[in-house]
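# Coordinate analysis (summary)
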Amino acid sequence: MIKLPFNYQKKLADIKHSANHLTYQAKINSGSFYTPSQLVNYVWEFITPFLTKNTTVLDTSAGKGSFFINRKNRDLSLIAVDDDQWAVNYLKENFSFLQIIQKNALINIKRVNYGIQNKQKLIIIGNPPYNDITSLKARKIKENSPNNLVIDPQIKSRDLGISFLRSYYQLKADYVCVLHPLSYLIKETNFNSLKEFKDNYRLLKSLVVDSKKFSDAKGASFPIAISLYQLDKKGMNYEYIKNFSFQLENGKQFSLSSFQFLTDLVSKYPKKTFSDEYLNNLFFFTFRDINSIMRNRTFIQEFNNYSVPIHKDKLKYYAYIDYFKEEFRDIPFYLRNFDVFYNPDFTEKDWNYFTQRISSKLENKEAKKFPKTSKIKAFEAWVANL
Ligand SMILES: C[S@@+](CC[C@H](N)C(=O)[O-])C[C@H]1O[C@@H](n2cnc3c(N)ncnc32)[C@H](O)[C@@H]1O
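These remarks concern the structure in this document.

Rules behind the numbers
- Residues numbered from 1 in each chain as written.
- Predicted model: local features only at pLDDT ≥ 70, side-chain atom pairs only at ≥ 80, totals over all residues.
- Helix = DSSP H or I, 4+ residues; strand = E, 2+ residues; numbered from the N terminus.
- Buried ≥ 20, exposed ≤ 12 C-beta atoms within 10 Å, placed from the backbone.
- Near = placed C-beta within 6 Å.
- Nonpolar A, V, L, I, M, F, W, Y, C, P; charged D, E, K, R; others polar.
- Pairing = 2+ DSSP bridges.
- Contact = placed C-beta atoms within 7 Å.
- Axes fitted to C-alpha atoms, helices over the stretch in contact; angles between N-to-C directions.

A few words on the overall build of the protein chain. A count of helical and extended segments in the protein chain gives 14 helices and 14 strands. In the protein chain, which comprises 386 residues, the share counted as buried stands at 33%.

Attention now goes to the site of the ligand. Y34, T35, S61, G63 and S66 are the nearest of the 26 residues found near the ligand. Among the residues forming the shell around the ligand, the class breakdown is 9 nonpolar, 12 polar and 5 charged.

The next thing to look at is the sheet that holds strand β5 (residues 175-181). Read from one edge of the open sheet, 9 strands run β3-β2-β1-β4-β5-β7-β6-β8-β9, paired in mixed fashion. If you trace the sheet from one side to the other, it starts and ends with β3 (99-102) and β9 (253-254), each paired once. Looking at chain direction, strand β4 (residues 122-126) and β5 are connected through 4 bridges and run parallel. What sits directly across from I123, in β5, is Y175. Against the sheet, helix α4 (residues 85-94) contacts β2 (77-82) and β3, and its axis sits at roughly 165° relative to β3.

Another aspect to go through is unusual backbone geometry. Look at N70: it is not a glycine, yet its phi comes out positive at around 60°. For N70, a count of 7 C-beta atoms within 10 Å corresponds to the exposed category.

Moving on, we get to helix α6 (residues 160-170). By the criterion of burial, α6 is predominantly enclosed, with 10 of the 11 residues buried. Among the residues of α6, those classed as buried are L160, G161, I162, S163, F164, L165, R166, S167, Y168 and Y169. Its buried side turned inward, α6 meets β4, β5, α7 (183-186), α8 (188-193) and α9 (195-200). Of the residues one or two after α6, K172 is the one with positive phi, at around 50°.

Once that is clear, we can look at the sheet that holds strand β13 (residues 307-311). Pairing is antiparallel across the open sheet formed by 3 strands, whose spatial order is β12-β11-β13. Each of the sheet's edge strands pairs with one partner strand only, and the pair in question is β12 (299-300) and β13. Across 4 bridges, strand β11 (residues 278-285) lies against β13 in antiparallel orientation. Across the sheet, the residue bridging to Y278 is H311, located in β13.

What follows is the structure, given as C-alpha cells:
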C-alpha cells in the first residue's frame, strides 16, 4: 500500500471532500465530484428505516468515501468500491471499518465479486459519476486510458450514470438510494434508457437539490435528485414519474403533471430539407431544455447545422420560447431541465402577444411595448410562486 506523506494526506482530508488530485477537466471526465455531507445525510436518513442487522450497504463509486464518514456501525456490513487506484489508497488509509475493493463496477457485475451472498439484504448508496460518454471530452479520455470506460454490454448506455443505475439491478439490490440528475427521470428518452432498472424498481422518495451545492461544480445549475428506489417487479412507467411528487428542501413539492409542456407543439432538432410550409429566412437555434435555451440563441437568420426550420403555423410557439427566455431568466434550478411550459388556458389573443412581440424585435424596431393579456400576467404570477 502506498503511504502518502503527511502533508499530502492533510490536503486530501480537505473538508470539501473534493477530488483534489484531479484537474477540473479530469473531474468532469471521470465524474469525480465529491458529495457534501449535507447530501450524504439525506441518503442515510432515507435508508435508515430499511436497515436491519447484517444489512450490507454498498457504494460502488465510493471515491474518497464521503458516504461513510462517521458511519462506523457494527450491525452493518459496509463496502466501498472504486476503480481509481488513488481513491482506493485513500480509503484504505482513512477507513479502517470499511471493506474496500478496487474494481470497475460496470463489468462482471455479480454479488459474489463483492463477497455478498444472494440472500443478504443489500442497499446501494452513493453518487455515481454522470456524464455523456459519447461527448468529445469523454472520447478523448477514453483514447488516453482505454480501460476507464469498459462497460458490460448488458448495461451499456450513453450516460455513465445510467449504466450505474442499471448495474444495481444486476446486483438485485433491495434498495437503492443515490444522487443522479433529475433529468434521468423527467426526460422520457433518458427514463426509457433506464430499461431493466425502471422495470424492476419503484421510486419511493426523491428530494431535488441544486448542483451548485457541489463546491467544485461550475456552470449553470441543474437539478440533482436524491432518489430512494425499492426493488419491485411492478417497476414504473413514465406516467408514474409524471404523477410523482418530488420534494424540495424548502418543504415545497412539485410534479410534472402540473405543467403543460410545449414538447409536442414544436420541433427542437435541425432538419436539412423542408417544404414551403416552413419559413425560408428565419430559423430557431436547436435546443433541448430550459437550460439550453437560456444558454443559446433563439431565432437565427442563417441556415446551418443548428437551424431548426419553423413551420409557418408554429411561429407563435417559437415566439413564446423567446419570451420565456427573457421573462424567466431566474427560473428556479429545479425547473431547468424541463421543457418550456406554458399556460394551457392561453387563447389566440395571448399567442398573438408573443408573435407581435417577436415581429417587432426582429424588425429591430424601437422595442414596442405591447400590453400583456391578463392570462399572461396570471401565468407570470404562477411561475413567480414556483
Ligand atoms: C462522483 S464521484 C463520487 C465519489 C463519492 N461517492 C463521493 O461522493 O464522495 C464518482 C467516483 O466514481 C469512480 N468511478 C468512475 N467510474 C467507475 C467505475 N466504472 N467503477 C468504479 N468506480 C468508478 C470515480 O473514480 C469517482 O471516485
